[in-house]
Amino acid sequence: MLLEKITVSDVILNIHANDWEDAIRKSAQPLLDKGSIEARYIDAMIQVVHDNGPYIVIGKHVALAHARTECGAIRTDLSFATLKPPINFEAGPLDPVKLVITLSATDPETHLDLLGELADILMDEEKSNELFNVETAEEFIQILHSNQ
């Protein structure tokens with residue numbers, strides 16, 4: 001039920017990022033500002049991709065940025081950021097990424113629960129496209145909550 005807790009301050013629209021690292025840094029800013037993560041958590045999320053490749057790109061145009069709890073996750077939280085223009089994460093046919101979901105998790109099961117909550121939305125191409133192209137954070141939240 002993480003999605004029920006999303007507020008306007010958790011959504012950033014139309015971020016301009018120079019590359020995938022910059023996209024992760026900018027998309028994580030709300031979590032850093034709220035004290036949900038330490039700054040080192042952002043570095044850890046980027047290092048995970050350097051070490052393991054772009055496995056965080058979980059679907060067409062969607063990345064789920066996260067790192068291990070001990071890397072600076074203070075509390076379980078989420079932020080969402082749309083990218084304009086979309087950014088290549090070197091994820092082949094899933095590129096370019098248009099939406100970065102940043103997850104801070106205090107236990108290893110949280111990201112699995114989140115994927116379950118997001119599955120219906122992310123697998124629905126029409127709803128995904130709506131998320132990628134909304135004009136306000138309020139609209140974004142309405143779409144997220146429409147499946148609950």
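Going by the structure above, here's the rest.
Presented here is a report on the structure given in the accompanying data block. (Residues numbered from 1 in each chain as written. Predicted model: local features only at pLDDT ≥ 70, side-chain atom pairs only at ≥ 80, totals over all residues. Heavy atoms only, no water.)

## Some remarks on the nonpolar core
Okay, so step 1: Ranked by size, the top nonpolar core spans 28 residues in total, and within it Trp20, Ile24, Met45, Ile56, Leu83, Phe89 and Val97 carry the most contacts.
Okay, so step 2: Elements supplying a minimum of two residues to this core: α1 (20–33), α2 (39–52), β3 (62–65), β4 (77–87) and β5 (97–104).
Okay, so step 3: Here this core takes seven residues from α2, the largest share from any one element.
Okay, so step 4: If we skip the residues at most four places from it in the chain, Ile24 touches Met45, Ile46, Val49, Ile56, Ala65 and Phe89.
Okay, so step 5: With 22 residues, the next largest nonpolar core counts Ile6, Leu131, Ala137 and Leu144 among its residues. (Core = buried A, V, L, I, M, F, W, Y, C linked by side-chain atoms within 4.5 Å. Buried < 20%, exposed > 50% of the residue type's maximum accessible area, 1.4 Å probe, protein only. Helix = DSSP H or I, 4+ residues; strand = E, 2+ residues; numbered from the N terminus. Contact = heavy atoms within 4.5 Å.)

## Comments concerning the environment of Glu139
Okay, so step 1: By secondary structure assignment, the location of Glu139 is in helix α5 (residues 137–145).
Okay, so step 2: In the structure, Glu139 is positioned 131 residues away from Val8 in sequence and 9.5 Å away in space, judged by C-alpha atoms.

## What to know about the packing of α1 against α2
Geometrically, a packed helix pair is captured by the angle between its two axes and the distance between the axes.
Okay, so step 1: The N-to-C vectors of α1 and α2 enclose an angle of 150°; their axes lie 10 Å apart at closest approach. On the basis of the axis angle, α1 is roughly antiparallel to α2. Seen from above, α1 lies across α2 with right-handed handedness. Side by side, α1 and α2 meet where Trp20, Glu21, Ile24, Arg25, Ala28 and Leu32 of the first sit next to Ala39, Ile42, Asp43, Met45, Ile46, Val49 and His50 of the second.
Okay, so step 2: Across the contact of α1 with α2, the residue classes break down as nine nonpolar, one polar and three charged. (Axes fitted to C-alpha atoms, helices over the stretch in contact; angles between N-to-C directions. Parallel < 35°, antiparallel > 145°, perpendicular 65-115°, else oblique. Left-handed = near helix turned anticlockwise from the far one by under 90°. Nonpolar A, V, L, I, M, F, W, Y, C, P; charged D, E, K, R; others polar.)

## Remarks on the pairing of β3
Okay, so step 1: Because side chains alternate across β3, one face comprises the buried residues Val62 and Leu64, and the other comprises Ala63 and Ala65, equally buried.
Okay, so step 2: Across two bridges, the pairing between strand β2 (residues 57–59) and β3 is antiparallel. Directly across from Gly59, in β3, lies its bridge partner Val62.
Okay, so step 3: Following β2, the chain reverses through two residues before pairing antiparallel with β3; His61 in that reversal takes a positive phi of roughly 75°.
Okay, so step 4: Alignment of β3 against β5, held across four bridges, turns out to be parallel. Residue pairing in the sheet places Val62 in a bridge with Leu99 of β5. (Pairing = 2+ DSSP bridges.)

## Structural notes on the side chain of His61
Okay, so step 1: Topologically, His61 is positioned in the loop between β2 and β3.
Okay, so step 2: Here Pro96 takes part through its backbone oxygen, which lies 2.6 Å from a polar atom of the side chain of His61.
Okay, so step 3: Excluding residues that lie within four positions of it along the chain, His61 makes contacts with Leu94, Asp95, Pro96, Val97, Lys98, Leu99 and Phe132. (Polar contact = N/O pair within 3.5 Å; in protein donor to acceptor, adjacent residues only side chain to side chain.)

## Some words on helix α4 (residues 125–133)
Okay, so step 1: Residues of α4 that are buried: Lys127, Ser128, Leu131 and Phe132. Along the axis of α4, the buried positions cluster into a sector of 140°, meaning they face one direction only. Exposed side of α4, more than 90 degrees from the buried face: Glu125 and Glu126 are the residues found there.
Okay, so step 2: Backbone nitrogen of Glu126 and a side-chain oxygen of the N-cap are separated by 3.0 Å at the start of α4; the cap is Asp124. (Arc of directions from axis to C-beta.)

## Focus on the pattern of salt bridges
Okay, so step 1: The full count for this structure, using the stated rule, is six salt bridges.
Okay, so step 2: Put simply, Asp22 and Lys26 hold a salt bridge, and the shortest N to O gap is 3.2 Å. Residue Asp22 and its partner Lys26 are located together in helix α1, separated by four residues, close to a single helical turn.
Okay, so step 3: Via salt bridges that share partners, Asp10, Lys34 and Asp77 belong to a single interconnected network. (Salt bridge = Lys/Arg side-chain N within 4 Å of Asp/Glu carboxyl O.)

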